[in-house]
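Observations on chain architecture
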Amino acid sequence: MSGMIIKLLRKSLEITRIIPRSDLVVRITSAHPAPDQIVPGEMTVVRDGVDKWACFRCPGGCGETIKLSLSKNKRPKWTTVPDWLKRPSVSPSVRQLNDCRCHFWIRQGRVDWCKDSGRRS
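Before going into details, it helps to say that this report is about the structure given with it. (Residues numbered from 1 in each chain as written. Predicted model: local features only at pLDDT ≥ 70, side-chain atom pairs only at ≥ 80, totals over all residues. Heavy atoms only, no water.)

**Things to note about the sheet that holds strand β4 (residues 65–69)**
The condition that has to hold: The pairing criterion for strands is at least two bridges between them, as found by DSSP. Here a helix means four or more residues in a row that DSSP labels H or I, a strand means two or more in a row labelled E, and each is numbered from the N terminus. Interaxial angles span 0 to 180 degrees and are taken between N-to-C directions of axes, which are lines fitted to C-alpha atoms, for helices over the stretch in contact.
Strand order across the open sheet formed by four strands is β1-β2-β3-β4, with mixed pairing between neighbours. Sheet topology places β1 (25–29) and β4 at the edges, where each strand pairs with a single neighbour. Sheet twist, expressed as the average angle between the axes of neighbouring strands with direction ignored, equals 25°.

**Quick word on the pattern of salt bridges**
So the rule is basically this: By definition, a salt bridge exists where a carboxyl oxygen of Asp or Glu is found within 4 Å of a side-chain nitrogen of Lys or Arg. Residue burial is assigned from relative accessible area. The probe radius is 1.4 Å, only protein chains are included, and a residue is buried under 20% of its type maximum, exposed over 50%, and partly exposed in between.
Under the definition given, this model contains nine salt bridges. Put simply, D51 and R47 hold a salt bridge, and the shortest N to O gap is 2.5 Å. On the accessibility criterion, D51 (23% relative accessible area) is partly exposed. The exposure class assigned to R47 is partly exposed, which follows from its relative accessible area of 33%. In this structure, a network of salt bridges that share partners links the residues R21, D23 and R110.

**With respect to the nonpolar core**
The condition is simple: As used here, the term nonpolar core means buried Ala, Val, Leu, Ile, Met, Phe, Trp, Tyr and Cys residues forming a set that is joined through side-chain atoms within 4.5 Å. Two residues qualify as a contact provided that any one of their heavy atoms is within 4.5 Å of a heavy atom in the partner residue.
Ranked by size, the top nonpolar core spans 19 residues in total, and within it M43, F56, L68 and F104 carry the most contacts. If you list the elements that add at least two residues to this core, you get β2 (42–47), β3 (51–57), β4, β6 (88–95), β7 (103–107) and β8 (110–113). With residues near it in sequence (within four places) discarded, M43 still touches L24, V25, V26, R27, A54, C55, F56, T80, P88, V90 and I106.

Coordinates in, geometry out; function isn't part of it.
The following block contains the structure:
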């Protein structure tokens, strides 16, 4: 399915409340994005044969860019799996150690805040 059809289908399912609204959707690219290419609501997965990075704006509102290593050979490392509607699930959880103090999971494109997070919605 083309990207536009998937986007339309996802939006239709969200509007009719068949699925919850997505906080993040995946965009795959082969090059690391420039800071202005990382936009709210989108997770950029850098893939050059294998997944290397997941980049997205902090959902806590601090404006910081979060870059998660997806490399199997580096520590710490995360995995990200998008579903057919391009909604990512990330494991393990993400914790910001800056002033934002966010701690959250990303499941099917939704940000699920942990109880110890400095920011909860």
